[in-house]
Amino acid sequence: MFTTGFKLYFGIAVGLFIAAIVHGYATGGGHVGPLTWGWKGGVGDHIGYVVLMGLSVVSGTLGLVLVAFRDADPAAQAHYVGVEQLPSTPVVTGSIWPVVGAFGASTMIVGLALHSAIFVVGLVVCAAVAIEWSMDAWADRATGD
């Protein structure tokens, strides 16, 4: 089965690969140049294409490494640590901070278009979210209750 890390990094790799293909055609790439990494035609803007393809390859490699070493697999971790069973970890509760963070980020984006005061409000909200979300995560792991 695919691990969580593999799903994340492989999804990012596919997204970056598609972005590189689109970027290659949008900047004047040849017939099948962006699809063949420039072997059968031009790729348009070389720097953007190479950066996107390079990040795609790196992300895909990270995904393959994570699936090869079975990240987040308790049995594999226990084997490498040298114990029979890993100690249980407390259940992490749900949090409202990702939603508030998305609101702060969207407020910052709207502030870029409308007024600098709105941008600053979004920035303050994002800073508060960073602090509060960190505290919430710390509190969930501070005690076992």
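Note that the structure is predicted; figures quoted are calculated from it, not measured. (Residues numbered from 1 in each chain as written. Predicted model: local features only at pLDDT ≥ 70, side-chain atom pairs only at ≥ 80, totals over all residues. Heavy atoms only, no water.)

### Re the nonpolar core
Grouped burial of nonpolar side chains is what soluble globular proteins tend to show.
Phase 1: Counting 7 residues, the largest nonpolar core is built from Leu16, Ala20, Ile21, Val43, Tyr49, Leu52 and Met53.
Phase 2: Contributions of two or more residues to this core are made by helix H1 (4–26) and helix H2 (46–68).
Phase 3: Apart from residues no more than four positions distant in its own chain, Tyr49 is found in contact with Ala20, His23, Gly24, Gly33, Pro34, Trp37 and Val43. (Core = buried A, V, L, I, M, F, W, Y, C linked by side-chain atoms within 4.5 Å. Buried < 20%, exposed > 50% of the residue type's maximum accessible area, 1.4 Å probe, protein only. Helix = DSSP H or I, 4+ residues; strand = E, 2+ residues; numbered from the N terminus. Contact = heavy atoms within 4.5 Å.)

### Focus: helix H4 (residues 97–113)
Phase 1: With 17 residues, H4 should reach 24 Å at 1.5 Å per residue; the first-to-last C-alpha distance of 25 Å fits that figure.
Phase 2: Taken together, the buried positions of H4 are occupied by Gly101, Gly104, Thr107, Met108 and Gly111. The buried residues of H4 occupy an angular sector of 120° when the element is viewed end-on, so they sit on one face. The exposed residues of H4 that point more than 90 degrees off its buried face are Val99, Phe103, Ile109 and Ala113. (Expected span 1.5 Å × (residues − 1). Arc of directions from axis to C-beta.)

### What about the packing of aromatic side chains?
Aromatic rings considered in pairs are described by the distance between their centres and by the relative angle of their planes.
Phase 1: Here the structure, examined in full by the defined rule, presents 1 aromatic pair.
Phase 2: Measuring from centroid to centroid gives 5.1 Å for Phe6 and Phe10, while their planes differ by 15°, and the two rings are stacked. Of this pair, Phe6 and Phe10 both sit in helix H1, 4 residues apart, roughly one helical turn.
Phase 3: Owing to a relative accessible area of 9%, Phe6 belongs among the buried residues under this scheme.
Phase 4: Given the relative accessible area of 41%, Phe10 is considered partly exposed. (Phe/Tyr/Trp six-rings, centres within 6.5 Å; stacked < 30°, edge-to-face > 60°.)

### As for the side chain of Ser56
Phase 1: Looking at the element boundaries, Ser56 is found in helix H2.
Phase 2: Within the structure, the side chain of Ser56 is placed 2.9 Å from the backbone oxygen of Ala13, a separation counted as a polar contact.
Phase 3: Not counting the four nearest positions on each side in its chain, Ser56 is found in contact with Ala13, Leu16 and Phe17. (Polar contact = N/O pair within 3.5 Å; in protein donor to acceptor, adjacent residues only side chain to side chain.)

### Things to note about H2
The periodicity of an α-helix, 3.6 residues per turn, causes residues three or four places apart in sequence to face the same way.
Phase 1: In a regular helix each residue adds 1.5 Å, so 23 residues correspond to 33 Å; H2 covers 32 Å between its end C-alpha atoms and thus fits that length.
Phase 2: Residues of H2 that are buried make contact with H1.

### Considerations on the packing of H1 against H2
Packed helices, taken two at a time, are described by the angle their axes make and the gap between the axes.
Phase 1: Interhelical geometry of H1 versus H2 gives an angle of 160° and a closest axis separation of 8 Å. In terms of orientation, H1 lies roughly antiparallel with respect to H2. Two packed elements cross with a definite hand, and for H1 against H2 that hand is left-handed.
Phase 2: Partitioned by chemical class, the residues of the contact of H1 with H2 number 17 nonpolar, 8 polar and no charged. (Axes fitted to C-alpha atoms, helices over the stretch in contact; angles between N-to-C directions. Parallel < 35°, antiparallel > 145°, perpendicular 65-115°, else oblique. Left-handed = near helix turned anticlockwise from the far one by under 90°. Nonpolar A, V, L, I, M, F, W, Y, C, P; charged D, E, K, R; others polar.)

### Quick notes on the environment of Leu123
Phase 1: Structurally, Leu123 can be placed in helix H5 (residues 116–142).
Phase 2: In the structure, Leu123 is positioned 15 residues away from Met108 in sequence and 6.2 Å away in space, judged by C-alpha atoms.

### Description of the environment of Ile109
Phase 1: Among the structural elements, Ile109 can be located in helix H4.
Phase 2: When the C-alpha atoms of Ile109 and Phe119 are compared, they prove to be 7.1 Å apart, with 10 residues separating the residues in sequence.

### Focus on the confidence of the model for the chain
Phase 1: Residue-level pLDDT values for the chain average 83, and 88% of them are 70 or greater.
Phase 2: Ranking the elements of the chain by mean pLDDT puts helix H3 (residues 74–81) last, at 72, and H4 first, at 93. (pLDDT = per-residue confidence, 0-100.)

### Topic: the side chain of Ser59
Phase 1: Relative to the elements of secondary structure, Ser59 occurs in helix H2.
Phase 2: Within the structure, Ser59 has its side chain in polar contact with the backbone oxygen of Tyr9 (distance 2.6 Å).
Phase 3: Setting aside residues up to four positions removed in sequence, Ser59 forms contacts with Tyr9, Ile12 and Ala13.

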